[in-house]
Amino acid sequence: MKIGFIGTGNMATAIIKGIVANGFVSAEQIYLMDIDHEKLVSLSEEVGANFVNSNRSLIEAVDFVVLAIKPNVIEHVLQETKDVILTKKPVLISIAAGTPTDKLYRYLDTDVEIPIVRVMPNVNVLVGKGAAAICGHDFVNQEQLDFVVKMFEAVGKAWILAEEDFSNFTALAGSSPAYAYLFIDSIARAGVKHGLPKQVATEMAAQAVLGSAEMILKTGENPWTLIDQVCSPGGTTVAGLLALEEEAFISTVVKGIDTTIARDKELNDK
Ligand SMILES: NC(=O)C1=CN([C@@H]2O[C@H](COP(=O)(O)OP(=O)(O)OC[C@H]3O[C@@H](n4cnc5c(N)ncnc54)[C@H](OP(=O)(O)O)[C@@H]3O)[C@@H](O)[C@H]2O)C=CC1
Ligand SMILES: O=C(O)[C@@H]1CCC=N1
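Residues numbered from 1 in each chain as written. Chains lettered and ligands numbered in written order. Predicted model: local features only at pLDDT ≥ 70, side-chain atom pairs only at ≥ 80, totals over all residues. Heavy atoms only, no water.

Things to note about the environment of isoleucine 95
1) Next: Mapped onto the elements of the fold, isoleucine 95 is located in the loop between strand E5 (91-94) and helix H6 (101-108).
2) Next: Expressed as a C-alpha distance, the spacing of isoleucine 95 and alanine 243, which sit 148 residues apart in the sequence, is 39 Å.
3) Next: Once you skip the residues sitting within four places of it in the chain, isoleucine 95 turns out to touch Met11, Ile15, Val66, Leu67, Ala68, Val119, Met120 and Pro121. (Helix = DSSP H or I, 4+ residues; strand = E, 2+ residues; numbered from the N terminus. Contact = heavy atoms within 4.5 Å.)

A closer look at the nonpolar core
1) Next: Judged by nonpolar contacts, the single largest core of 58 residues is most densely connected at Phe5 and Phe152.
2) Next: Core analysis: the next-biggest nonpolar cluster, separate from the first, contains 7 residues, Ala131, Ala133, Phe166 and Ala173 among them. (Core = buried A, V, L, I, M, F, W, Y, C linked by side-chain atoms within 4.5 Å. Buried < 20%, exposed > 50% of the residue type's maximum accessible area, 1.4 Å probe, protein only.)

Some remarks on a negative patch on the surface
1) Next: A contiguous patch of negative charge on the surface is contributed by Asp102, Asp111, Glu113 and Asp138.
2) Next: Checked against the element boundaries, aspartate 138 lands in the loop between strand E7 (130-136) and helix H7 (142-153).
3) Next: Aspartate 138 sits in the exposed class, given a relative accessible area of 61%. (Patch = residues over 30% accessible without salt bridge, like charges linked within 9 Å, V, L, I, M, F, W, Y side chains within 5 Å. Areas by Shrake-Rupley, 256 points an atom, 1.4 Å probe, with all protein chains shown as cover. Salt bridge = Lys/Arg side-chain N within 4 Å of Asp/Glu carboxyl O. Lys, Arg positive; Asp, Glu negative; His and termini not counted. Charge placed at Lys NZ, Arg CZ, Asp CG, Glu CD.)

Looking at the domain arrangement of the chain
1) Next: For the chain, the assigned domains read domain 1 (3-161) and domain 2 (169-269).
2) Next: Each of domain 1 and domain 2 has a C-alpha centre, and the two are 31 Å apart.
3) Next: Taken together, the contact pairs 16 residues of domain 1 with 9 residues of domain 2.
4) Next: When the two sides are added together, the surface that domain 1 and domain 2 hide from each other amounts to roughly 930 Å², 62% of it contributed by carbon and sulfur.
5) Next: Three residues stand out in domain 1 for area buried against domain 2, namely Gly98, Met120 and Asn122, and they jointly supply 35% of the buried area on that side.
6) Next: The interface formed by domain 1 and domain 2 holds 0 salt bridges in total.
7) Next: Applying the counting rule to domain 1 against domain 2 returns 6 residue pairs in polar contact (both at pLDDT 80 or more).
8) Next: Only strand E6 (116-120) and E7 provide two or more residues apiece to the side of domain 1 that touches domain 2.
9) Next: The element that contributes the greatest number of residues to the side of domain 1 that touches domain 2 is E7, accounting for 3 residues.
10) Next: Looking at the side of domain 1 that touches domain 2, its residues break down into 10 nonpolar, 4 polar and 2 charged. (Domains from an automatic or database assignment. Buried area = accessible area lost by both parts, 1.4 Å probe. Polar contact = N/O pair within 3.5 Å; in protein donor to acceptor, adjacent residues only side chain to side chain. Nonpolar A, V, L, I, M, F, W, Y, C, P; charged D, E, K, R; others polar.)

As for the site of ligand 1
1) Next: What surrounds ligand 1 is a group of 22 residues, the closest being Asn10, Met11, Asp34, Lys39 and Ile69.
2) Next: One of the side-chain N or O atoms of aspartate 34 is found 2.7 Å from an oxygen atom in ligand 1.
3) Next: Between ligand 1 and the protein, one listed contact pairs an oxygen atom with a backbone N or O atom of isoleucine 69 at 2.6 Å.
4) Next: Burial of ligand 1 by the protein chains amounts to 78% of its free accessible area of 890 Å². (Near = heavy atom within 4 Å.)

Here we look at the UniProt feature "domain: Pyrroline-5-carboxylate reductase catalytic N-terminal" (unreviewed entry) in the chain
1) Next: In the numbering adopted here, UniProt assigns the feature "domain: Pyrroline-5-carboxylate reductase catalytic N-terminal" (unreviewed entry) to residues 2-98.
2) Next: Strand forms 19% of residues 2-98 and helix 49%; the C-alpha atoms that close the span are 27 Å apart. (UniProt positions renumbered as here; feature names shortened; annotations may be inferred.)

As structure tokens, then:
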């Protein structure tokens, strides 16, 4: 199978490096196109993938096309390549936030049965620890869907998810790495305040958060049980926990997630 990427930015780079490192496909099976020629050539050379000079040539060359472009340019890209899409009928895989499969199909303005799969991945696919939600539009067959699921399982966890839950997933797993990085950076900054070098403090905080995530996933324990295990009576943790809650830590995080979901829904409706 040949996989093409329209757009070679943050997300495409993470997916490509992840699936090549893991051996899901070889670099020779990957074709790239980006309007930023320098970025295109640089990624192509770095990973050893092919590059082409137009989105039309890319679609002609491959079986699966990952639309790794911003939501506001998808309509234009689908319209400029429509005739090639209708002839070649590749599987279109969109990773755009706030862009339902119905909307993507409407952009093509056709009744030809073009298979479209929607994926909401996250950037942690780069290190094989991604999280991706996947749903297929009307004309996707099981084999095509399975291929996409396998592609994202190669670089993390993948769930088949009802499209109505995509806004929630985008907040919980698509955007949340940024919030987790912020949390880690905040802990590290506190370390710097107390005299630790930033790099060391960041490594310590990241390792503690990594282990905490694994504890939840591997033990299956309720996070509150684990919190209680760390909070020694009269100890350090409970003092810090209560100080965090005085500043409405939980509600602040929930507000961030609510706002992310609302923004995704706003994009859906645009
Ligand atoms: N970043 C993330 O963590 C995640 C992103 N996503 C989704 O992934 C998509 C891509 O995001 P991200 O990788 O961050 O974005 P980037 O801006 O990093 O990458 C998009 C790339 O596409 C290029 N591009 C723009 N127009 C065209 C075109 N007509 N033809 C070919 N290439 C073009 C851009 O070039 P230029 O910069 O010159 O415009 C840029 O290099 C978005 O839809 C986003 O919602 C989903 C999950 C996570
Ligand atoms: O910020 C965004 O819109 C994209 C979608 C999920 C992560 N980044």
